[in-house]
Amino acid sequence: MSTSISMPPDVAFLTGQFSGGNVIKKVTRCGDLSGVFHDLTAWQAIPADTPVYEVEMLDSPQGEGELYVGMTHLHPGLVGDEFYMTRGHFHQRREQGEVYFGIRGSGLLLLQNEQGEARLEQVSPGSVHIIPGNTAHRLINTGTEILSALAVWPTVAGHDYRSLAGGFALRVTGHEGKIQAKDVQNG
Ligand code: PAN
Ligand code: ZN
């Protein structure tokens, strides 16, 4: 009896590029990120079609117990003094967690619980981030190259963007090469 060996999809760890598999790609542009950045004038000054991040996902079966694998490529840049970042979300199924792995570039993972308590983890190549259930998450690119992070999460998790429409409790800014995290309430 012989067993056939199939070739799974592959990810290049230096660039975060997938090959093989059925890859679905979504680009998020500056114009899609209304209400995300603090400085409205600076946001409006950036052409709406400027790409901020791309997510590439491997097509997965749907249903309880199934997993998505996706790569976020977040461009470097600033809107006013605020670094480019993803919109950020809770999972619709709040109890569902996720794992992020830093692939390239450098940045931060902003985590916030339902009580509004926020914290930051440093993202760098090889970093492992366990995002517990009931925790909103957002990537922030504080570097000068693309920040790529691999994510694995349950297909049933879903995304809830609306609960964070008022923003996260921490804002990360850069000024003359210095990275600062500020409590939003304290300006
Ligand atoms: C990631 C995110 C991805 C884009 O795949 O969806 O980084 O961020 P937003 O969804 O907040 O725009 C993930 O956390 N999936 O659950
Ligand atoms: Zn998520």
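Further up the page is the structure itself.
Cut-offs applied
Residues numbered from 1 in each chain as written. Chains lettered and ligands numbered in written order. Predicted model: local features only at pLDDT ≥ 70, side-chain atom pairs only at ≥ 80, totals over all residues. Heavy atoms only, no water. Near = heavy atom within 4 Å. Polar contact = N/O pair within 3.5 Å; in protein donor to acceptor, adjacent residues only side chain to side chain. Areas by Shrake-Rupley, 256 points an atom, 1.4 Å probe, with all protein chains shown as cover. Helix = DSSP H or I, 4+ residues; strand = E, 2+ residues; numbered from the N terminus. Pairing = 2+ DSSP bridges. Contact = heavy atoms within 4.5 Å. Buried < 20%, exposed > 50% of the residue type's maximum accessible area, 1.4 Å probe, protein only. Salt bridge = Lys/Arg side-chain N within 4 Å of Asp/Glu carboxyl O.

A. Fine view of the site of ligand 1. With respect to spatial proximity, 14 residues lie near ligand 1, and among them Tyr53, Thr72, Gly88, Tyr100 and Tyr161 are the closest. Tyr100 places a polar side-chain atom, nitrogen or oxygen, 2.6 Å from an oxygen atom of ligand 1. Take Tyr161: an N or O atom from its side chain is 2.5 Å from an oxygen atom of ligand 1. For ligand 1, whose unbound accessible area comes to 390 Å², protein coverage reaches 95%. Among the elements of the structure, strand S4 (51-58) and strand S9 (98-104) are those that each provide at least two residues to the shell around ligand 1.

B. The pairing of strand S17 (residues 178-183), seen in detail. Bridge count between strand S16 (residues 170-175) and S17: 6 bridges; the pairing is antiparallel. Counted as the bridge partner of Leu170 is Asp183 from S17. Linking two consecutive strands that pair antiparallel, namely S16 and S17, is a turn of 2 residues; a positive phi of about 50 degrees is found at Glu176 within it.

C. Region of the structure containing the side chain of Thr142. On the secondary structure map, Thr142 appears in the loop between strand S13 (135-141) and strand S14 (147-154). The residues touching Thr142, leaving out its near neighbours within four places in the chain, are Phe83, Ser106, Gly107, Leu108, Val172 and Ile179.

D. Quick look at unusual backbone geometry. The backbone of Asn134 shows a phi angle near 60 degrees, a positive value even though the residue is not glycine. Secondary-structure assignment places Asn134 in the loop between strand S12 (128-131) and S13. Relative accessible area serves as the criterion here: at 36%, Asn134 is assigned to the partly exposed category. One non-glycine residue, Glu176, lies in the positive phi region at around 50 degrees. Checked against the element boundaries, Glu176 lands in the loop between S16 and S17. In this structure Glu176 comes out as exposed when scored by relative accessible area, which is 77%.

E. Spatial organisation of the pattern of salt bridges. Tallied over the full model, the rule gives 6 salt bridges. Put simply, Arg171 and Glu82 hold a salt bridge, and the shortest N to O gap is 3.7 Å. Here Glu82 lies in strand S7 (residues 82-83) and Arg171 lies in strand S16, a separation of 89 residues in the sequence. Its relative accessible area of 16% is what places Arg171 among the buried residues. Classification of Glu82 by relative accessible area gives buried; the value is 4%.

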